[in-house]
Amino acid sequence: MWYDLLTSVFRGLVNTVLLLALAPLCEGIVRKLTARIQSRQGPPIRQAYYDILKLLGKEDIEVGESPVFQRLAAALGLASVLCIAWLIPMGVGIPFSGGDVILLVYLLALGAVVGVLAGIASGTTYSMLGVSREVMMLITLEPLLIIALLVAAVNGGSMRLEPVFSGVVFGDVTFSYAGLIMLLMVLAAFQAYVKRVPFDIAEAETEIMEGALMEYSGPKLALFKYAQMCRLVVYSGVFVALFVPWGNELMFPLGWLLFWLKVAVLVVLVTVLAASHARYRIDQAVRYFLVMVAVSFGALVLAALGY
Amino acid sequence: MLKELCRKMFPRSLWVYHANSGGCNGCDIEVLNALTPWYDAERFGIKLVGSPRHADVMLCQGPAMRATEIALRRAYDAMPSPKLVFAIGSCAGGGGIWHDTYSVLGPVEKVVPVDYYIPGCPPRPEAIVFGVALVLGLVEKKVVDIHVKQDEFPIPRYHPEDLEEVDGTVKYTKSEVV
Amino acid sequence: MLNPENAVMWAMLVCIVTAVIMPLFNRSKRVSGWLAFAAAAISACLVFVAAVYVLMNGGGEPISFLKSRALGFALRLHVDGLSAVFLLLTAFVSICSAFYSIEYLGHYERHGPARYYSWLLLFIAALYGIVSTTDTMYFFFIFWQLMTVAGFALMRYENEKRANRRAAAKFFWMMQLACFVTMVGAFLLAPSGIVVEQGEELMRFDFVSLQSNMPALFSESPGVITAAFVLFLIGFGIKMGMWPLGGIWLPDAHPAAPSPVSALLSGVMIKTGVYGVMRYFLWLVPAESLSDFHSGAWGLVIALIGTVTLLLGTAKALGQEQTKRLLAYHSIGQIGYILLGFGICLSLVSNPAAGARQVALLGLFAALFHTINHGVFKSLLFLNAGSLLYVTDTQDLNKMGGLMRYMPVSGVTALVGACSISGIPLFNGFASKWGLYSAGFQAAPWSAYLPLCAAVAVFTSALTLASFVKFFGASFMSRAGRHVIESVSEGSRKVLDWKMKVAQVLPALVCVLLGIFPVVVFSRFHYALGRDAQGMLLSLTDGAPVEGGLWRGVEALGAKAVFAPIGLLVVLGALVLFCCWLLRAGGAQRRPASPWLCGYAWDAEDFRYNAHGYYGELKALFKCKGNTRLNRESDDMYALGSETDTAARGRAGVVAEKTETD
Amino acid sequence: MSLAAKIKEVLICLRAGRVTLPYPFEPATVPKAFRGRPIFDVERCVGCAGCANNCPAREILVEDVCQEVRILKYLGRRCTYCGRCADLCPENAITMSNEFETATDEISDVGQTLELFMGTCQRCGRCFTSPTPLEELKLKGYRIDDLMNERWVFRSKPFLNEEKTVDDIDIELD
Amino acid sequence: MFILHLLNRLQERFGDGISRVDMTSDERLYLYVKPAVLRNVCVFLFDTMSARYAVGIGADDTPYSGKYQVAHNFAFDGKNLFCSVITYVDGTAPEVDSISDRIPAANWSEREFYDLVGVRAAGHPFPKRLILPDGWPDGEHPLRKDVPWNHVPENFHSGREYEFERLPEGCVAVPFGPFHPTLDEPAHFRLYVEGERIAGCEYRGFMAHRGIEKLAESVLTYNEIPMMAERICGICGCVHNVAYAQAVEEAAALSPTKRAEYIRTIMLEVERLHSHLLWVGLACHIAGFDTLFMQSFRIREPVMRIAEKITGNRKTYALCVIGGVRWNLDEDACTGLRRVIDNLEDEWRGVVAAVSKDKNIQRRTRDVGVASPGLVKRMGLLGPVARASGICIDARRDHPYAAYDEVEFDVIVRESCDVWARILVRALEVFESIRIIRQCLSKMPDGPIAAEITDELPSARTGISSVEAPRGEAHHFVITGEDNKPRRWRVRAPTYQNLQGIPYMIKDQTLSDMTLTLGSIDPCFSCTDRVETIDIRSCSHRVYSGRELESLVRRKDK
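Residues numbered from 1 in each chain as written. Chains lettered and ligands numbered in written order. Predicted model: local features only at pLDDT ≥ 70, side-chain atom pairs only at ≥ 80, totals over all residues. Heavy atoms only, no water.

**Q** Would you explain the overall build of chain C in this entry?
**A** Along the backbone of chain C there are 24 helices and 6 strands. Residues counted as buried form 67% of the 662 residues belonging to chain C. Taking all contacts inside chain C whose residues are at least 6 apart in sequence as the whole, residues at least 24 apart take part in 80%. In the form shown here, chain C has an accessible surface area of approximately 20500 Å², with 66% of it arising from carbon and sulfur atoms. (Helix = DSSP H or I, 4+ residues; strand = E, 2+ residues; numbered from the N terminus. Buried < 20%, exposed > 50% of the residue type's maximum accessible area, 1.4 Å probe, protein only. Contact = heavy atoms within 4.5 Å. Areas by Shrake-Rupley, 256 points an atom, 1.4 Å probe, with all protein chains shown as cover.)

**Q** What exactly am I supposed to notice about the interface of chain C and chain E here?
**A** Interfaces are often sized by the accessible area lost when the parts come together. Each partner contributes to the interface: chain C provides 24 residues, whereas chain E provides 43 residues. Taken over both partners, the interface formed by chain C and chain E buries close to 3000 Å², and the fraction arising from carbon and sulfur atoms is 55%. Here chain C and chain E share 0 salt bridges between them. Applying the counting rule to chain C against chain E returns 1 residue pair in polar contact (both at pLDDT 80 or more). Of the residues assigned to the side of chain C that touches chain E, the class counts are 8 nonpolar, 6 polar and 10 charged. (Buried area = accessible area lost by both parts, 1.4 Å probe. Salt bridge = Lys/Arg side-chain N within 4 Å of Asp/Glu carboxyl O. Polar contact = N/O pair within 3.5 Å; in protein donor to acceptor, adjacent residues only side chain to side chain. Nonpolar A, V, L, I, M, F, W, Y, C, P; charged D, E, K, R; others polar.)

**Q** Sorry, what's going on with empty space enclosed by the protein here?
**A** Using a probe with the size of a water molecule, rolled over the atoms, empty space left in the structure can be pinpointed. Residue and element names in this part refer to chain A. Estimated volume of the second largest cavity: approximately 220 Å³. For the lining of the second largest cavity, the secondary-structure elements that each account for two or more residues are helix 4 (101-122), helix 5 (125-156), helix 7 (177-193) and helix 9 (218-243). Here the residues of the lining of the second largest cavity sort into 13 nonpolar, no polar and 5 charged. (1 Å grid on protein atoms, 1.4 Å probe; cavity = no way out; pocket = protein on both sides within 12 Å on 5 of 7 lines; lining within 4 Å. Points joined across faces, edges and corners; volume = space filled by probe spheres on them.)

**Q** How should I be thinking about the interface of chain A and chain C in this particular structure?
**A** In this assembly, 81 residues from chain A lie in contact with 76 residues from chain C. Taken together, the two surfaces of chain A and chain C that pack against each other cover about 6700 Å², and 76% of this comes from carbon and sulfur. Per-residue buried area on chain A facing chain C is highest for Glu65, Tyr106 and Ile139 of chain A; these three make up 11% of the total on that side. Summed over the shared surface of chain A and chain C, the result is 4 salt bridges. Where Glu59 of chain A meets Arg591 of chain C, a salt bridge forms, and the shortest distance between an N and an O atom there is 2.9 Å. If you look at where chain A meets chain C, you find 16 residue pairs in polar contact (both at pLDDT 80 or more).

**Q** Explain the side chain of Arg422 of chain E here, please?
**A** All names here are of chain E. Mapped onto the elements, Arg422 comes out in helix 14 (residues 419-443). Comment: no salt bridge for buried Arg422; closest opposite-charge side chain is Asp418, at 6.6 Å. Not counting residues up to four positions away in its chain, the partners in contact with Arg422 are Trp279, Gly369, Val370, Ala371, Pro384, Val385, Ala388, Cys417, Met505, Thr517 and Ser520. (Lys, Arg positive; Asp, Glu negative; His and termini not counted.)

**Q** What is the right way to read the pattern of salt bridges from this model?
**A** When the charged atoms of two side chains lie near each other, side chains of opposite charge can form a pair. Scanning all chains against the criterion turns up 79 salt bridges over all chains. Arg53 of chain B is the salt-bridge partner of Glu215 of chain A, the closest N and O atoms lying 2.5 Å from each other. With one member in each of two chains, Glu215 of chain A in the loop between helix 8 (205-208) and helix 9 and Arg53 of chain B in the loop between strand 2 (47-48) and strand 3 (57-61) form a pair that bridges those chains. A single burial state applies to Glu215 of chain A and to Arg53 of chain B, both of which are buried. Between Asp100 of chain B and Arg58 of chain D there is a salt bridge, with the nearest N and O atoms lying 3.0 Å from each other. In this pair, Asp100 of chain B sits in the loop between helix 4 (89-94) and strand 6 (104-106) while Arg58 of chain D sits in the loop between helix 2 (50-53) and strand 2 (60-64), so the two residues belong to two different chains.

**Q** Explanation requested: helix 7 (residues 207-220) of chain C in the structure shown.
**A** Note: α-helices contain 3.6 residues per turn, so residues at a spacing of three or four share the same orientation. Residue and element names in this part refer to chain C. Between its terminal C-alpha atoms helix 7 stretches 20 Å, which fits the 20 Å expected from 14 residues at 1.5 Å a residue. If you look at helix 7, its biggest bend is around 40°, right at Met214, and the proline Pro215 turns up within four residues after that. Within helix 7, the full set of buried residues consists of Phe207, Ser209, Leu210, Gln211, Asn213, Met214, Leu217 and Phe218. (Expected span 1.5 Å × (residues − 1). Bend = angle between axes of the 7 residues up to and from the residue.)

**Q** Please explain the packing of helix 14 (residues 354-392) of chain C against helix 20 (residues 518-531) of chain C as it appears in this structure.
**A** A pair of packed helices is characterised by two quantities: the angle between their axes and the separation of those axes. Residue and element names in this part refer to chain C. The interhelical angle for the contact between helix 14 and helix 20, taken along N-to-C directions, is 120°, at an axis separation of 10 Å. Crossing angle aside, the handedness with which helix 14 passes helix 20 is right-handed. In this structure, helix 14 uses Leu361, Leu362, Leu364, Phe365, Leu368, Phe369 and Ile372 to contact helix 20, whose residues at the interface are Pro518, Val521, Phe522, Phe525, His526 and Leu529. Considered class by class, the residues forming the contact of helix 14 with helix 20 number 12 nonpolar, 1 polar and no charged. (Axes fitted to C-alpha atoms, helices over the stretch in contact; angles between N-to-C directions. Left-handed = near helix turned anticlockwise from the far one by under 90°.)

**Q** Looking at this structure, how should I read helix 3 (residues 81-104) of chain C?
**A** Under the 1.5 Å per step criterion, the end-to-end length of helix 3 of chain C is 34 Å for 24 residues, consistent within 8% with the ideal 34 Å. With 20 of its 24 residues buried, helix 3 of chain C lies for the most part within the structure.

**Q** Would you mind showing me how to read the pairing of strand 13 (residues 462-469) of chain E here?
**A** Residues and elements named next belong to chain E. Burial within strand 13 is extensive, with 8 of its 8 residues counted as buried. Burial of strand 13 is two-sided: the residues Thr462, Ile464, Ser466 and Glu468 facing one way and the residues Gly463, Ser465, Val467 and Ala469 facing the other way are all buried. One ladder, built from 8 bridges, connects strand 13 with strand 14 (residues 472-480); its direction is antiparallel. Each residue of the ladder has a partner; that of Gly463, found in strand 14, is Val478. (Pairing = 2+ DSSP bridges.)

This is the structure we're talking about:
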């Protein structure tokens, strides 16, 4: 039992540290690649580290009636994303076995909710507009992801994360069409999960000046930005673990490298899509996602019926 | 240790906020140009942000106007320190053609403390990139206040003996040497 | 000897007696308040002891009081596991509510305390009674009417407001209908010809006799049974706010009553409907006639109704801009969850597969757990709403904002309540929803529609979250508006008393504790329900659906779903600490500032984003646009003081102005 | 089809390749005609103040310290780089250079101050003449700017006609 | 002829109301009317004769006639005619009848001349301050002749608040500007928002009002003003530069040399190229499509470079002086320009082909910011906004100037009235500009680039010039004066009209659409907010004949 506990903690720490270390790198890749698509040289690939460090040292302007809450929100926002690194197999197995798919999705949502509350706490009109949009996105996106996970759970007959993240989404014994449908759905909504164009509606720079984060500066902004970078990795990780888990069980360096390679491929895909689209309007996005939610309800029934 | 590191990172990641307090748009567009493929100021970690709270650098364009004076000061106050202010173009640096009219207050330094000036009307994108490079310490500044004095009057004094008649008109022969 | 039934009887007596003598103390609000609290506390303690005893040791035999052979009835009380759960909830909420009332009532200048406390105590007594009586006709009627009349009186406490009178009347008549329907149902199950004599104390409409009638009835006229259960469902459905009938009275009734009563109404009273449905459907049908009952079909119907209820209730709540009204719609929504859990249980109860029966039991546990949770967090939220009303004198979310600075205790507790109801992990709402979803999704092999219902519930959970982001954000976060500044300015400021604070902190603590130790609850359910199992429930007792320990957390359905709150708490806590260190590590200075409004904004009041603006697109999609004007007018009617009436009339005269520049 | 359009767009982007110029690590080229910072040649300037009178930004200021010495101050800070001064200088003492790297932390760095001898013109015909009537002196008469405050002081014709003096400025007319 | 027909109709109808008529050419009609009939004449022109309202001008003429002057300019686009209805009013508190209730396009003009000159438009539906800063005391009018250009009233109070209309029920005000990432320039929109839906808005702009017109009439000279005129706007500067020069030239009846006209045409089109490319880029940026923003800036850069090569600056060309231009176009520059536009045409064709099929962009822009043809007419909307609503107006064709009557081009018109149509119009106009530049380069005659001017310009003449800027028609009105400077110079930038249509276009749209709609008119607040200079001399009863004026000008080439 102590051995299990130590392994868990060790794996969790590895995942957390890697996530913290690599998330800005992914952001750097995104920015560099975006720049190349835009015919530019682009920032150095380690630019995101500079940004975070600079923000940590900047003055912290506190707007709003509840500064303590806002500080806590900034910390919780990052912590909840980091916590997910304990729930998904990032090449080294799942560190924390005390959660299932429902906890995973709720934790993913928690990060967004904390950001939302922080936005409200600052109380500016624009951040409220951003919050309103963010929540509308959340409402439609959260069910989509949980249904994708649950299709796997239904196919595999268990909601625990280990079986769910073993490719069972495409069926345990027979092939499952529901898994395929959910793959398409999640892929189509993936930009929204990681908050990139065309679904970065909640922080549209040119409309509402980054929305909920508009009033935040200095270390709090750094933490929110960091959480956003981590979110890209974490969602990619969830996607990889759920839909393309093959190879993860390889020997230590191989499976681990393969995982990060898959994440990198997903990051590249996200970047290309983000660079080639215009932002949608919130009502268009919500309608789009509601249709997808309806389709995934169908997929869930299919899965329950064994297809 | 982390504190020191954070402080050092400041110039490597300048997020700029552009505040046009009443200019003609020319400098604005050149600033945008400096961010676009040919000049790409993002090479130096520069990023345009929409909210002054996120900004490290305020790019002032246009003169300080009576109508926007308060807004400009508020924008400056809204920025977290450490912060820099760039005055871009003739209007921000010196008030422009209209520096003394009834609705113009003058150069932006009358409202916010300016750290760097990038003259030009509008400055070329290279000039803006140069200004950025100046902050980053990549280049040395190339201008210095010039005071010059005439030792002698540039045109020789009029001497009748230098007059010469050519084709019926009288010419001053030394004129060619000038 | 103080057995549970006696304790409950004594508790009721204490309440009733105090209620009767209450008018003597009408002159002092303080004295009557403390007296009422003492009565509520004593009775709650009695009930608490009884309930805990039953949960730890199982229930005993029913005890009869007030026997009357001539009339053919007796007050038979029976505290078994199910009753104990509801009694516990009632006791807890009534203590908080009564304690909160002491100070809160001081705010009503025109109304004496006796009218309030008398009815409040009677109301509590009725609640105790209705969940512990075994009589389905006479005493059911008495307790029901006592509850209805007391509720009616409490809603009319501020009887000068027309909206209150209307809401109370609506409540009254709907309750009469519910009562009538339920009693007809009971009557159908006990035709005069086939009373089974089992002993001298057995009554015709006693629960046990109805139960023993069932097998015979199934063979003779199954149609009657179906009709009876339809009537039960309708009757209790009305009570609990089930779609489609509950929406008629519930959203009006909750805002009309004084806030502590709203807490009781929403936290406990509507739960009597849940109690009724559970009791009649699961306990009444004997295990041997299981195959005749078509429980699968009933489960389907209830689960579907539950799904519709939760979706519609929550969607409607999304458009609300008044604190209590918003909470009231959420009561409907949360009742939907409970129904869904119960529906899952019912639809799998007769399934021969062992796994299915485990899932069914988990559904029941989830529903029960959610009942408790809802009672706790919803009464907490209503008390928070009461505090908001107390301080700002309005229920209009549009006028609030920034109150975290002025009432931090209410703010933090409201945050706990909001997190609980929207199911944030580590709060109690998550634990019960987790059980519900686990049951719903694991039901897939036996029923394809239950996962769908659960998925809708997940979607609705997100809607709930959105709605509470609005509730909490617009009141406590956001920016203080003119109205708030005036309310909290020196002189006119009403400070929350420590009593009110304690009454809010208590349920908040329970929310957190239940969220961190759900395993205790599940294990108690399993023990208590299993021990007193009757009827269909008997078929469900083959194995514990939920196991676990404090450290391992809860593991449902043979560890197919796990949730380890303490582990999560440790991990998350450590990470939060790390992040807090990160916040300070850069050595950044802090500086307060006013919001950035693009530099040119003179009157910040107009730029305050109000609750009306949230989720415009979504509301348009759901076609549930709250009627602004209507909302605001009714708000002023619900305000504490009636001085604002004139202001309301003045504002109603304002017409939308031309908004364009030219 | 939208996908085809997206692919086309991406292709356009990729075909262009990277176009970013290496400036400031390598010097930038400037076209010959570029109107950069004006350079005042003190050797050639006759102090006619034609540039000062035709500067739209009114930033070339003149002050006559005494009858013999005139200070001509080019502030640089509000220069519009229109090149009218260079156009109109009769002695070609002003050239629009191709300097554009004038960013500085001290705005006075871009200024140039010339201290000039004023000769008395004796029908030399080499004074400032305007190319067209439109460039004629707008100030007929005299002008003293406030160099300290970088203020252009406008003394209108009526003022000179009426031979009034203004309190804050002493005009010494010989 | 239309002008005579129009005069006849006017005479018939108003008879004595018309005190004087000047026809300086077939294309210009100056109608001096009595104040009493001003309103009726304007309404007659607008309603019955279907004229387009161009601009209203107020001027202080007191040093000359002791009266204040008010003019309303109308354009007959199909007939190549500008008609200016001028009236004189006197008194300490001068007043004219407002025409804004019948001609909404005149709204701002009327508010403007009250602010700046102090002539009140009686019966104006929305008589609020428009131009002057909030702190400016009431009753001070900077464009009056007795006020120096740098005079700031002593009781100027910078903390004074502007009074906005009351918030509509259920709405929240969203402050939009002066510093907002979508706005490149300071202007404040107070949006009344319900959720995201915009229920209305109030505009408090003119924060970039720099006193340009006052400066021109009191400090600068004729040839300095072009340098200032092009700084009215940093993007379409050359348009104002040329328009001003043309207006003065028209007033003084001198004409620039042929080569100068061609060079002006070329530079105007070069400017249109870079402006349209810039606009497409910015619109994409607003819509979050940064790649296309970057690409259009990449494609645009050679245009800027060639402009720099020809004129010495990337945007402020400092092109015109009265009577000609300053920079010649040598062989080297011509080849360079040809190469640039060839490359540009290729690349842009590819981009347009891709973008016009892009559903993603269309979803954001179709049925957004709809300006119905009725609105276009009512508010006098101009340029691509009008052309995207199916109203075919283009000053280059309707009121030809420079060398536009000698080149062939199409006016691009779209019917769908939305932002998408505006994108298409602008994208396609790029090709027309390229076509025009090609023709000009091949047809350009040799010769001097500026006419020689030997004398001072006559005073008290009026000139109107209309130049099609990338955003629409820029309208300049000049009254010449003494001392080498104009007496009144009124600039009406296209945005001045287009912006007035914005409240109607954004009504009931979401905030996201609002930024796009605002972007779609390509607003140029600095243009709109230029400093007024009013100088009207009312007693210039004498009108020079063309022949008389000709004697004033001696062409260099003769």
